Amino acid sequence: PLRAADMKKDVRILLVGEPRVGKTSLIMSLVSEEFPEEVPPRAEEITIPADVTPERVPTHIVDYSGNEYSLVGEANVICIVYAVNNKHSIDKVWTSSANFLIIAMYPFYFRLPLILVGNKSDLVEYSSMETILPIMNQYTEIETCVECSAKNLKNISELFYYAQKAVLHPTGPLYCPEEKE
Ligand code: GTP
Ligand code: MG
């Protein structure tokens, strides 16, 4: 049988979110397997070759930059990053202009799976899950959520794996709920 993984040429993951939540650090941490103390404003697009990804599909990771709205249209999955210690960045998940645009584009583009990413988990003792649960419940586009830390490398590879999986094996109700197992 033809699997989604056979048909997908590659996966494009886009990271968006408020300034300073750690988008660039997450990408650089994944690449170098250590926390970069200094990061540029924006990471270069990186491509992970098929044979080192769990799903064997070339995967591109793109750091969102201010006004390049076209990046949204090219993405297969969007990671909306907030910082677990920054309530403002959580509130902004659905109200920042970039994310607002994602929602506005929904009817026009293939409905993208979204992943909520709570970064900087090293800075707090508590979980942000309770705060984001109402958002999760309200928006079925959200495939999953994950708390992670670019600093201590917690859940970094998992995060990118979830993103890849959301494209290749979508489970959300957007995709034919009757076929859901
Ligand atoms: P902009 O490009 O300005 O939108 O920011 P960004 O979202 O790319 O964040 P960036 O990676 O530049 O990180 C912002 C600050 O947060 C930097 O000082 C990072 O060192 C710090 N930071 C990023 N990730 C973590 C983390 O997991 N834990 C902690 N403690 N600090 C982090
Ligand atoms: Mg950045």
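Quick caveat: nothing in here was measured; it's all calculated off a predicted structure.

1. Some thoughts on the coordination of the magnesium ion (ligand 2)
Taken together, Thr24 (OG1) and Pro41 (O) make up the full set of protein donors to the magnesium ion (ligand 2), lying 2.0 to 2.1 Å away. Placement of the pair is Thr24 in helix H2 (residues 23-32) and Pro41 in the loop between H2 and strand S2 (46-48), with a sequence separation of 17 residues.

2. Examining the sheet that holds strand S4 (residues 77-83)
As summarised here, the arrangement of the six strands in space is S2-S3-S1-S4-S5-S6, forming an open sheet in which the pairing is mixed. The open sheet terminates on both sides in strands that have one partner only, identified here as S2 and strand S6 (142-147). On average, each strand axis in the sheet is inclined to that of its neighbour by 20°, with strand direction left out of account. The sheet contact formed by strand S5 (residues 114-119) and S6 spans five bridges and is parallel.

3. Description of the site of ligand 1
Looking at ligand 1, there are 18 residues lining it, with Lys23, Thr24, Ser25, Pro41 and Asp122 nearest. Contact between ligand 1 and Pro41: an oxygen atom at 2.9 Å from a main-chain N or O atom of the residue. For ligand 1, an oxygen atom lies 2.9 Å from a polar atom in the backbone of Ala150. Taking 650 Å² as the accessible area of ligand 1 by itself, protein coverage stands at 82%. Taking a 2 Å distance to the grid points as the criterion, the majority of the atoms of ligand 1 fall inside the largest pocket. The dominant element in the shell around ligand 1, judged by the number of residues it contributes, is H2, at three residues.

4. Some remarks on unusual backbone geometry
The phi dihedral of Arg56 is positive, around 60°, even though this residue is not glycine. Within the element layout of this structure, Arg56 appears in the loop between S2 and strand S3 (59-63). For Leu153, which is not a glycine, the phi torsion comes out positive at approximately 65°. Here Leu153 shows up in the loop between S6 and helix H7 (156-168).

Reading the values: rules and limits
Residues numbered from 1 in each chain as written. Chains lettered and ligands numbered in written order. Predicted model: local features only at pLDDT ≥ 70, side-chain atom pairs only at ≥ 80, totals over all residues. Heavy atoms only, no water. Donors = N, O, S within 2.8 Å, 3.2 Å for Na, K, Ca; no water. Helix = DSSP H or I, 4+ residues; strand = E, 2+ residues; numbered from the N terminus. Pairing = 2+ DSSP bridges. Axes fitted to C-alpha atoms, helices over the stretch in contact; angles between N-to-C directions. Near = heavy atom within 4 Å. Polar contact = N/O pair within 3.5 Å; in protein donor to acceptor, adjacent residues only side chain to side chain. Areas by Shrake-Rupley, 256 points an atom, 1.4 Å probe, with all protein chains shown as cover. 1 Å grid on protein atoms, 1.4 Å probe; cavity = no way out; pocket = protein on both sides within 12 Å on 5 of 7 lines; lining within 4 Å. Sits in = over half its atoms within 2 Å of the grid points.

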